[in-house]
Amino acid sequence: MNNAKVRIATVSLAGCFGCHMSFLDMDERLVALLEHVELNRSPLTDIKHCGKCDIGLIEGGLCNEENVQVLREFRDNCKILIAVGACAINGGIPAMRNHFNLRECLEESYLDGAGVVNPQIPDDVELPLLLSKVHALHEVVHVDYYLPGCPPSADDFVKVLGDLLEGKVPALPKNKLHYD
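Basis of the calculations
Residues numbered from 1 in each chain as written. Predicted model: local features only at pLDDT ≥ 70, side-chain atom pairs only at ≥ 80, totals over all residues. Heavy atoms only, no water. Pairing = 2+ DSSP bridges. Helix = DSSP H or I, 4+ residues; strand = E, 2+ residues; numbered from the N terminus. Axes fitted to C-alpha atoms, helices over the stretch in contact; angles between N-to-C directions. Contact = heavy atoms within 4.5 Å. Phe/Tyr/Trp six-rings, centres within 6.5 Å; stacked < 30°, edge-to-face > 60°. Buried < 20%, exposed > 50% of the residue type's maximum accessible area, 1.4 Å probe, protein only.

Student: Help me understand the sheet that holds strand 7 (residues 145–147) in this model?
Tutor: Backbone-to-backbone hydrogen bonds pair the strands of a sheet. The strands run either parallel or antiparallel. Taken in spatial order, the five strands make up an open sheet running 2-1-3-5-7, and their pairing is parallel. Bordering the open sheet on either side are strand 2 (37–39) and strand 7, each of which pairs with just one other strand. Averaged over neighbouring strand pairs, the angle between their axes works out to 30° when direction is ignored. Across three bridges, the pairing between strand 5 (residues 78–84) and strand 7 is parallel. When the bridges of strand 7 are listed, valine 84 appears paired with leucine 147. Contacting strand 1 (6–12), strand 3 (53–59) and strand 5, helix 3 (residues 65–77) crosses the sheet at an angle of about 135° to strand 5.

Right, here's the structure in full:
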(Lines give C-alpha, C1' and ligand atoms only; values in the text may rest on other atoms or scores of the structure.)
Protein backbone atom coordinates (compact mmCIF):
# COMPACT_ATOMS: atom_id res chain seq x y z
CA MET A 1 0.00 0.00 0.00
CA ASN A 2 1.21 3.59 -0.50
CA ASN A 3 2.27 6.19 2.08
CA ALA A 4 -1.23 7.66 2.50
CA LYS A 5 -3.22 6.38 5.45
CA VAL A 6 -4.98 3.10 4.74
CA ARG A 7 -8.73 3.24 5.33
CA ILE A 8 -10.11 0.36 7.40
CA ALA A 9 -13.76 -0.44 8.16
CA THR A 10 -15.07 -3.02 10.62
CA VAL A 11 -18.48 -4.45 11.41
CA SER A 12 -20.03 -7.20 13.50
CA LEU A 13 -22.87 -9.25 12.03
CA ALA A 14 -24.35 -12.40 13.66
CA GLY A 15 -21.77 -13.03 16.35
CA CYS A 16 -20.79 -12.07 19.86
CA PHE A 17 -18.51 -9.06 19.20
CA GLY A 18 -15.56 -11.04 20.59
CA CYS A 19 -13.45 -10.45 17.48
CA HIS A 20 -13.78 -6.69 17.94
CA MET A 21 -12.75 -7.12 21.57
CA SER A 22 -9.60 -8.94 20.39
CA PHE A 23 -8.97 -6.13 17.90
CA LEU A 24 -9.09 -3.69 20.83
CA ASP A 25 -6.77 -5.99 22.79
CA MET A 26 -3.97 -4.73 20.56
CA ASP A 27 -3.77 -2.05 23.28
CA GLU A 28 -0.83 0.31 22.65
CA ARG A 29 -0.21 -1.40 19.29
CA LEU A 30 -3.58 0.03 18.23
CA VAL A 31 -2.21 3.54 18.81
CA ALA A 32 0.81 2.68 16.63
CA LEU A 33 -1.52 1.23 13.98
CA LEU A 34 -3.54 4.46 13.93
CA GLU A 35 -0.43 6.28 12.70
CA HIS A 36 -0.84 4.32 9.44
CA VAL A 37 -4.59 3.79 9.18
CA GLU A 38 -7.81 5.75 9.32
CA LEU A 39 -10.95 4.08 10.65
CA ASN A 40 -14.08 4.38 8.56
CA ARG A 41 -17.15 2.48 9.74
CA SER A 42 -16.45 0.84 13.08
CA PRO A 43 -17.88 0.78 16.60
CA LEU A 44 -15.24 3.38 17.46
CA THR A 45 -16.45 5.90 14.86
CA ASP A 46 -20.20 5.21 14.92
CA ILE A 47 -20.30 5.72 11.13
CA LYS A 48 -23.37 3.80 9.94
CA HIS A 49 -22.36 2.98 6.35
CA CYS A 50 -19.09 1.85 4.87
CA GLY A 51 -17.38 4.38 2.61
CA LYS A 52 -14.64 3.49 0.14
CA CYS A 53 -11.97 1.59 2.08
CA ASP A 54 -8.81 -0.34 1.53
CA ILE A 55 -9.55 -3.07 4.09
CA GLY A 56 -12.83 -4.35 5.52
CA LEU A 57 -12.84 -6.59 8.59
CA ILE A 58 -16.10 -8.43 9.17
CA GLU A 59 -16.92 -10.65 12.12
CA GLY A 60 -20.09 -12.71 12.43
CA GLY A 61 -22.10 -14.80 10.05
CA LEU A 62 -25.26 -14.03 8.12
CA CYS A 63 -28.53 -14.74 9.92
CA ASN A 64 -30.85 -12.06 8.52
CA GLU A 65 -31.37 -9.90 5.43
CA GLU A 66 -29.78 -6.86 7.07
CA ASN A 67 -26.55 -8.84 7.60
CA VAL A 68 -26.52 -9.68 3.88
CA GLN A 69 -27.06 -6.02 2.90
CA VAL A 70 -24.23 -4.84 5.17
CA LEU A 71 -21.91 -7.55 3.81
CA ARG A 72 -22.67 -6.59 0.19
CA GLU A 73 -22.07 -2.90 1.00
CA PHE A 74 -18.70 -3.81 2.50
CA ARG A 75 -17.75 -5.95 -0.49
CA ASP A 76 -18.68 -3.11 -2.86
CA ASN A 77 -16.66 -0.55 -0.88
CA CYS A 78 -13.60 -2.47 0.32
CA LYS A 79 -10.64 -3.38 -1.87
CA ILE A 80 -9.73 -6.20 0.52
CA LEU A 81 -12.36 -8.08 2.53
CA ILE A 82 -11.29 -10.19 5.51
CA ALA A 83 -13.61 -12.70 7.19
CA VAL A 84 -12.67 -12.48 10.87
CA GLY A 85 -13.35 -15.35 13.27
CA ALA A 86 -15.23 -18.62 13.20
CA CYS A 87 -18.69 -17.08 12.72
CA ALA A 88 -17.63 -15.20 9.57
CA ILE A 89 -15.68 -18.16 8.23
CA ASN A 90 -18.11 -21.03 8.88
CA GLY A 91 -21.14 -19.64 10.73
CA GLY A 92 -19.74 -20.43 14.19
CA ILE A 93 -22.05 -20.84 17.17
CA PRO A 94 -25.01 -19.04 15.48
CA ALA A 95 -24.98 -21.74 12.78
CA MET A 96 -25.90 -24.36 15.38
CA ARG A 97 -29.50 -23.42 14.58
CA ASN A 98 -28.94 -24.78 11.04
CA HIS A 99 -29.68 -28.25 12.40
CA PHE A 100 -33.25 -27.21 13.15
CA ASN A 101 -36.17 -25.75 11.25
CA LEU A 102 -36.34 -21.95 11.71
CA ARG A 103 -39.96 -22.15 12.86
CA GLU A 104 -38.99 -24.65 15.58
CA CYS A 105 -36.23 -22.29 16.78
CA LEU A 106 -38.63 -19.36 16.96
CA GLU A 107 -41.25 -21.40 18.81
CA GLU A 108 -38.69 -22.67 21.33
CA SER A 109 -37.35 -19.14 21.91
CA TYR A 110 -40.57 -17.15 22.03
CA LEU A 111 -43.39 -19.59 22.83
CA ASP A 112 -42.14 -22.68 24.64
CA GLY A 113 -38.87 -21.54 26.24
CA ALA A 114 -38.29 -21.48 29.97
CA GLY A 115 -39.36 -18.20 31.55
CA VAL A 116 -41.44 -16.97 28.59
CA VAL A 117 -43.99 -14.54 30.07
CA ASN A 118 -45.84 -13.17 27.04
CA PRO A 119 -45.61 -15.93 24.41
CA GLN A 120 -45.56 -14.42 20.93
CA ILE A 121 -43.18 -14.59 18.02
CA PRO A 122 -42.12 -11.03 17.13
CA ASP A 123 -43.70 -9.82 13.90
CA ASP A 124 -42.63 -6.25 13.36
CA VAL A 125 -41.72 -4.67 10.02
CA GLU A 126 -38.75 -3.01 11.76
CA LEU A 127 -37.13 -6.41 12.44
CA PRO A 128 -34.90 -7.78 9.66
CA LEU A 129 -36.18 -10.92 7.98
CA LEU A 130 -34.42 -14.01 9.35
CA LEU A 131 -32.71 -16.30 6.86
CA SER A 132 -33.71 -19.96 7.04
CA LYS A 133 -30.05 -20.85 7.75
CA VAL A 134 -26.98 -19.00 9.05
CA HIS A 135 -24.37 -18.59 6.31
CA ALA A 136 -20.64 -17.91 6.20
CA LEU A 137 -19.57 -14.74 4.36
CA HIS A 138 -17.98 -16.55 1.41
CA GLU A 139 -21.34 -18.10 0.55
CA VAL A 140 -22.59 -14.65 -0.52
CA VAL A 141 -19.55 -12.60 -1.59
CA HIS A 142 -15.90 -13.08 -2.50
CA VAL A 143 -13.67 -13.01 0.59
CA ASP A 144 -10.01 -12.14 0.06
CA TYR A 145 -8.52 -13.38 3.34
CA TYR A 146 -9.56 -15.31 6.43
CA LEU A 147 -8.48 -14.59 10.00
CA PRO A 148 -9.41 -17.73 11.97
CA GLY A 149 -10.08 -18.06 15.67
CA CYS A 150 -12.84 -17.69 18.18
CA PRO A 151 -11.77 -15.01 18.50
CA PRO A 152 -8.48 -14.45 16.69
CA SER A 153 -5.83 -13.07 19.01
CA ALA A 154 -4.68 -9.46 19.02
CA ASP A 155 -1.31 -10.78 17.79
CA ASP A 156 -3.05 -12.31 14.77
CA PHE A 157 -4.69 -8.96 13.94
CA VAL A 158 -1.29 -7.24 14.24
CA LYS A 159 0.33 -9.83 11.96
CA VAL A 160 -2.34 -9.74 9.23
CA LEU A 161 -2.72 -5.96 9.22
CA GLY A 162 1.06 -5.48 9.41
CA ASP A 163 1.56 -7.75 6.39
CA LEU A 164 -1.06 -5.83 4.41
CA LEU A 165 0.43 -2.45 5.36
CA GLU A 166 3.81 -3.72 4.13
CA GLY A 167 2.24 -4.79 0.82
CA LYS A 168 2.59 -8.49 1.62
CA VAL A 169 0.05 -11.28 1.38
CA PRO A 170 -1.05 -11.97 4.98
CA ALA A 171 0.36 -15.21 6.30
CA LEU A 172 -0.32 -16.75 9.68
CA PRO A 173 1.73 -19.67 10.99
CA LYS A 174 0.21 -23.03 10.07
CA ASN A 175 -0.52 -23.83 13.73
CA LYS A 176 -3.05 -20.95 13.69
CA LEU A 177 -5.02 -22.58 10.87
CA HIS A 178 -7.29 -24.97 12.74
CA TYR A 179 -10.82 -25.39 14.02
CA ASP A 180 -11.34 -24.12 17.57
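From this point, things continue past the structure.
Student: Please explain the packing of aromatic side chains as it appears in this structure.
Tutor: Aromatic rings in a pair are described by how distant their centres are and how their planes are angled relative to each other. Scanning the model with the defined rule gives one aromatic pair in all. Taken together, a centroid distance of 5.4 Å and an interplanar angle of 80° make the contact between phenylalanine 23 and phenylalanine 157 edge-to-face. Of this pair, phenylalanine 23 sits in helix 1 (residues 18–24) while phenylalanine 157 sits in helix 6 (residues 154–165), and the two are 134 residues apart along the sequence. With a relative accessible area of 2%, phenylalanine 157 lands in the buried category.

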